[in-house]
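As a plain string of letters, each chain reads:
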Amino acid sequence: GGRCGPRPGKGAEGPASAPSCYRCIECNREARELYRDYSHGVLKITICKSCQKPVDKYIEYDPVIILINAILCKAQAYRHILFNTKINIHGKLCVFCLLCEAYLRWWQLQDSSQSTAPDDLIRYTREWDFYRMFAIASLEQTAFFIGIFAFLWLERPRTAKKKPNFFLLLKALLLSSYGKLLLIPAVIWEHDYTPLCLKLIKVFVLTSNSQAIRVILNINRMVSLLAVLSGSLLESAMVYFFQRVEWDVSSDCAIYKSQDL
Ligand SMILES: [Zn+2]
């Protein structure tokens, strides 16, 4: 299934644009164009010189199909989104995901604390709690990224064939964290199963992150998985640190710990 003809204006700008800025989604080879525009609107998809397959078959596909392929963690779909489109929503997506996370923690905090203070004070405290949760979620996210970058920097002699583009990697990590948007529906609709759902969402986000790293740096699965794990490790260390300084951090780890007991 899919739409007929490439979708111009979504990344593909023809042969006139900068050379070798696209990638073959099958073999990761650089390509100069995704399709060629012959006269009178006759378009032909470029065939990769290296693998003899279309450089990017997804330019013909419907965005929903591409999203489904991305959810299935297909490397081809990741390459299409990260290299061959100029998608530019990572900043907004990051803020929105952090808001989801802050809301979830804040919601759990409300659930656990029953206060008898006056209404005004409660409202003020709750608002302040939300900002605090947002700040903590941001710090943990930062720790996660620092962990990943530190690991990749240490591993760079073995993994990097070329100088890695860390800006592109950050963008890929932010985009591939889109699974966090599921936090809110999980909280709203799955009351009894929430802890399990949260764990599954976490696994999904980490898998997507790992796949994004693998695609951007063109490294093997094991290294990208280790990078994500070291990010998680630093994030957990951060959570532990917050708990030590006795902030009431209701982060994922803290929730799981209290529910396991
Ligand atoms: Zn190819």
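From a predicted model like this one, the values you see are computed outputs, not experimental measurements.

### Side note on the overall build of the chain
What the chain contains, in helices and strands, is nine helices and four strands. Each helix (α) and strand (β) of the chain, taken in turn from the N terminus, gives the series β-β-β-β-α-α-α-α-α-α-α-α-α. Among the 261 residues that make up the chain, the fraction classed as buried is 44%. Of all intrachain contacts in the chain linking residues separated by at least 6 positions in sequence, the fraction that spans at least 24 positions is 68%.

### Quick word on the environment of Ile 146
Among the secondary structure elements, Ile 146 is positioned in helix 4 (residues 119-159). Considered as a pair, Ile 146 and Gly 231 are 85 residues apart in the sequence and their alpha carbons are 6.8 Å apart.

### Considering the packing of aromatic side chains
Applying the stated rule across the entire model yields seven aromatic pairs. Pairing Phe 144 with Phe 145 gives two aromatic rings, centres 5.8 Å apart and planes at 45 degrees, and the pair type is tilted. With respect to class, Phe 144 is no different from Phe 145; both count as buried. Ring centres 5.3 Å apart and planes at 65 degrees place the aromatic pair Phe 149 and Phe 166 in the edge-to-face group.

### A word on helix 1 (residues 63-71)
Inspection of helix 1 places Ile 66, Asn 69 and Ala 70 among the buried residues, and these make up the whole buried set. Taken around the axis of helix 1, the buried residues stretch over an arc of 100 degrees, which confines them to a single face. Looking one or two residues past helix 1, Cys 73 carries a phi angle of roughly 60 degrees, positive in sign.

### Some details on the UniProt feature "transmembrane region" (unreviewed entry) in the chain
Residues annotated by UniProt as "transmembrane region" (unreviewed entry) correspond here to residues 130-154 and 166-188. Along residues 166-188, the helical share is 70% and the strand share 0%, with 36 Å between the first and last C-alpha atoms.

### Details of the coordination of the zinc ion
Taken together, Cys 24 (SG), Cys 27 (SG), Cys 48 (SG) and Cys 51 (SG) make up the protein donors of the zinc ion, found 2.2 to 2.3 Å from the metal. Classification of the site at the zinc ion as tetrahedral follows from its four donor atoms and the range of 104 to 118 degrees in their angles at the metal. Read in sequence order, the donor residues coordinating the zinc ion give the pattern C-x2-C-x20-C-x2-C.

### So, the pairing of strand 3 (residues 35-38)
When strand 3 meets strand 4 (residues 42-45), the two strands line up antiparallel, connected through four bridges. Note on strand 4: the bridge partner recorded for Tyr 35 is Ile 45. Between the end of strand 3 and the start of strand 4, which pair antiparallel, lie three residues, with His 40 showing a positive phi angle near 60 degrees.

### Describing the nonpolar core
Of all hydrophobic cores here, the largest spans 33 residues; its most connected members are Leu 152, Leu 169 and Ile 213. Secondary-structure elements contributing two or more residues to this core are helix 2 (75-83), helix 3 (90-112), helix 4, helix 5 (166-175), helix 7 (194-217) and helix 8 (221-244). Non-local contacts of Leu 169, meaning those with residues more than four positions away in its chain, are made with Phe 149, Leu 152, Ile 213, Ile 216 and Leu 217.

So, how was this worked out
Residues numbered from 1 in each chain as written. Predicted model: local features only at pLDDT ≥ 70, side-chain atom pairs only at ≥ 80, totals over all residues. Heavy atoms only, no water. Helix = DSSP H or I, 4+ residues; strand = E, 2+ residues; numbered from the N terminus. Buried < 20%, exposed > 50% of the residue type's maximum accessible area, 1.4 Å probe, protein only. Contact = heavy atoms within 4.5 Å. Phe/Tyr/Trp six-rings, centres within 6.5 Å; stacked < 30°, edge-to-face > 60°. Arc of directions from axis to C-beta. UniProt positions renumbered as here; feature names shortened; annotations may be inferred. Donors = N, O, S within 2.8 Å, 3.2 Å for Na, K, Ca; no water. Tetrahedral: all angles 85-135°; square planar, octahedral: opposite > 155°, others 65-115°. Pairing = 2+ DSSP bridges. Core = buried A, V, L, I, M, F, W, Y, C linked by side-chain atoms within 4.5 Å.

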